[in-house]
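Topology and contacts: notes
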Amino acid sequence: MFDADRLRAVRESGLLESPNIGEGLAGAVRLAAAALGAQGGFVVVVDPETPRVLCAVGPDDVASALGARLLEPLAREQPLTVPLAATHSQVREASPVRQGRVGSLVATPVRGPLGHVIAGLCLWRAEPYPWSPVELALLDDARAEVGERLRGWMLVHDRAEQRGGDSPHRADLVRELERREDWFDVVLDSLPAGVLVARAPSGEAVRANREMLRLLDVLDLASVDVERPAWSASGARIEPERHPLSRALAGETVRGELLCSKADIEAEDGIWWRVNAAPLHTGSGEVAGAVLTIEDITETRGMQAALYRSQEHLLHAQKMEAVGRLAGGMAHDFNNLLTAIMGFGELLLEGMTPDDPAWGDAEEIVRSAARGRDLTDQLLSFSRRRSTDPAVIDLNEVVASSRRLVERLMEEKVTFETELGPTEGRVRIDRTELEQIVVNLALNARDAVPGPGGTVRVRTGPVNLARTLDAEPEAIPPGRWETLIVSDDGSGMDAALRLRIFEPFFTTKPAGQGTGLGLSTVYGIVKRVGGFVRVDSKVGEGTTFTVYLPPADGAVTAVETEGEGPARGSERVLLVEDQDQIRSLLARQLRRSGFEVIEAANGYEALNLWQSEPDAFDIVVSDVIMPVMDGPTMVSKARATRPDLPVVFISGYPGAADPAERDTPLPDAPLLRKPFAAAELVATIRSTLDESGG
């Protein structure tokens, strides 16, 4: 470790005896400490008997204590990176570490003219710190500079020794110093950060590397104006006296301060810098100048912002998924309740005339159940658990057909306008969900208009993005899109509000005036069909929502029209439903429409009835999820003996309509999702029987 050749090189160098070598090294150590944001540093001679500290920036006792501990790894030619000094075996017992004055350090060996390690350069910080690769590269450059200075001094020392201690040959010394100055410029120009040295008290720049000139966009040192206008991370203008260089010239050390070239710190063309600055002291402690380092972190900051947005999107998706699971679990029981409320309300209406005093009450019961169904649909839409029937739809036609409904919902203070695209906007989506998007966005725009005279405008049209569009809440990929644009001239939103508008149950409306599901429903529907939603808004300037939907190929699906009069029948129906209340209600509705009904409480009971008279039933109407035996299992067993048995399934659980979520595959049969009107149930049974030839 401390081999004889290396020790001989150290002791013959004169480093252990010279009284003034440290003065030449202090500037290099101060520069390195400022560049790395260190509180102190030192150069120590690697000699086990006389570990002399040649120079120290910071307390001498810290340099002495740490220098003695670092001799062994430095002699082994091992650089040392210690992010947490308190736990590192090499330095944890040093008194400055135990006292909490040193939290982290880096050290690197310095070689002499013959390649032997003769000294070590160490920089330290008071707090634990993860030294970055860039900072370690800066340390390596500083090590090279210290090595050059030591080798230059040793050359002069050797020549003085050869001349009996007298060194009148000043020309040799001058040439050596000039060579070292040139090498110092090479080292500075190789650094990835801008470095500038200024003279105190004037602040005149006396040295700047190539990167600093590039960052300041000047050609030479005479054109440097480092205190040009800049703004802090909070958007405040940096006054000249508070500039990091001015503060360093006043004796203050500045570490890691962020500056922006634009007053609008959100501007896309703004440049961001990370700035360090430190004073340069003379031997007597006076401030002789300052060193400033600047690193362009614009690209890094952009990557960090993109990562933050991705994390926010992931968190939002996780919240949506959690609420969606809750909604899906509640939907089954809630839909059963709504089926009973709606069904018994319809039975009341059938026994009344419009002039009956209770007619309005019964009608309101049915309407309330329908509103409950719509609320469940909204919950299931953003949670992606609502059964859908996507088809090729003309976006223009849906907006036009929804106009009358939306106009009725607008208050007198708001003007509603539409501007449709020149061609069919064909998209593949569930028609009901597309209508829901139009209505929800229009109502949201209406509520944003504070007083009379406002306008809500709905536009459609194709757009072709040549590149990715950076937008909120997420970027829009390039390509062809069909767009639905809903804008208002209302109060607008600030950045904090825009971040939360798609959260389920978030609303700015007073209690009782909003569910907070409108925009989250829109977001859920659009994402399910592969689209995007863009929000543009500023306080006082209104808001624009742009929905980007992927275009669809193929002909537009024709809209079905209602048949003439209510459907009826006389066939025999096997009705299977585990909820007694709902089974009784459905049986009454079917009997009032002419059907003969046999009831069963579960699949096992229904199968026994079927096996006793397999040809006695014309159709089976069955719930999907039931105890003992579910509906699909029961129907599969019944069809083993009669494959053409007509079947209609009913279910309050949304997953039953999604093949990916079924525990048991459904036979090929229509499915009605609860709650449904009696007319819808009878019409489905009638059409299923007619298609089967019954």
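1. Looking at the pairing of strand 15 (residues 454–465)
In terms of strand pairing, strand 13 (residues 414–419) meets strand 15 through 6 bridges, oriented parallel. The residue bridging Glu-417 from the neighbouring strand is Arg-457, located in strand 15. Relative to strand 16 (residues 479–488), strand 15 runs antiparallel, the two being bridged by 10 bridges. Bridge pairing in strand 16 links Val-463 to Trp-481.

2. Notes on the packing of helix 12 (residues 431–448) against helix 14 (residues 518–528)
Packed helix pairs are specified by the crossing angle of their axes together with the interaxial distance, meaning the distance between the axes. As a packed pair, helix 12 and helix 14 sit with axes 9 Å apart at the nearest point and diverge in direction by 145 degrees. Considering how the two elements wind past one another, helix 12 and helix 14 form a crossing that is left-handed. From helix 12, Glu-433, Gln-436, Ile-437, Asn-440, Leu-441 and Asn-444 reach across to helix 14, where they touch Gly-518, Leu-519, Thr-521, Val-522, Ile-525, Val-526 and Arg-528. Residues that form the contact of helix 12 with helix 14 fall into these classes: 6 nonpolar, 5 polar and 2 charged.

3. Comments concerning the nonpolar core
By size, the foremost hydrophobic cluster in this structure holds 36 residues, and its most contacted members are Leu-434, Ile-437, Leu-441, Val-456, Leu-484, Phe-502 and Phe-545. It is helix 12 that provides the largest number of residues to this core, a total of 7 residues. By size, the runner-up hydrophobic cluster in this structure holds 35 residues, among which are Ala-28, Ala-32, Leu-121 and Val-197.

4. A word on the sheet that holds strand 20 (residues 596–600)
If you walk across this open sheet you meet the 5 strands as 20-19-21-22-23, and the pairing is parallel. What marks the edges here is a single partner per strand, and that holds for strand 20 and strand 23 (671–673). Averaged over all adjacent pairs, the angle separating strand axes in this sheet is 20 degrees, with direction ignored. In the sheet, strand 21 (residues 619–623) pairs with strand 22 (residues 647–651) via 4 bridges, with the strands oriented parallel. Residue Asp-623 lies in a different strand from strand 22, and its bridge partner there is Ile-650. Sheet contacts for helix 15 (residues 580–592): strand 19 (572–576), strand 20 and strand 22; angle to strand 20, the most-contacted strand, approximately 170 degrees. Strands strand 21, strand 22 and strand 23 of the sheet are contacted by helix 18 (residues 678–692), whose axis makes an angle of about 135 degrees with strand 21.

5. A closer look at the packing of aromatic side chains
Counting across every chain of the model gives 6 aromatic pairs. Seen in terms of ring centroids, Trp-481 and Phe-532 are 5.6 Å apart; in terms of plane orientation they differ by 85 degrees. Their pairing is edge-to-face. Pair noted here: Trp-481 is in strand 16 and Phe-532 is in strand 17 (residues 532–537), with a separation of 51 residues, a long-range link. Residue Trp-481 shares its accessibility class with Phe-532, and that shared class is buried. Seen from their ring centres, Phe-502 and Tyr-523 are 5.1 Å apart, and the 35 degrees between their planes marks the pair as tilted. Within this pair, whereas Phe-502 is found in the loop between helix 13 (495–498) and helix 14, its partner Tyr-523 is found in helix 14, the two being separated by 21 residues in sequence. In this structure Tyr-523 comes out as buried when scored by relative accessible area, which is 13%. The residue whose ring lies beneath Arg-125 is Tyr-129, and the NZ or CZ to ring-centre distance is 3.9 Å. Over the ring of Phe-617 we find Arg-572, and its NZ or CZ is 5.2 Å from the ring centre.

Rules used throughout
Residues numbered from 1 in each chain as written. Predicted model: local features only at pLDDT ≥ 70, side-chain atom pairs only at ≥ 80, totals over all residues. Heavy atoms only, no water. Pairing = 2+ DSSP bridges. Helix = DSSP H or I, 4+ residues; strand = E, 2+ residues; numbered from the N terminus. Axes fitted to C-alpha atoms, helices over the stretch in contact; angles between N-to-C directions. Left-handed = near helix turned anticlockwise from the far one by under 90°. Contact = heavy atoms within 4.5 Å. Nonpolar A, V, L, I, M, F, W, Y, C, P; charged D, E, K, R; others polar. Core = buried A, V, L, I, M, F, W, Y, C linked by side-chain atoms within 4.5 Å. Buried < 20%, exposed > 50% of the residue type's maximum accessible area, 1.4 Å probe, protein only. Phe/Tyr/Trp six-rings, centres within 6.5 Å; stacked < 30°, edge-to-face > 60°. Lys NZ or Arg CZ within 6 Å of the ring centre and 35° of its normal.

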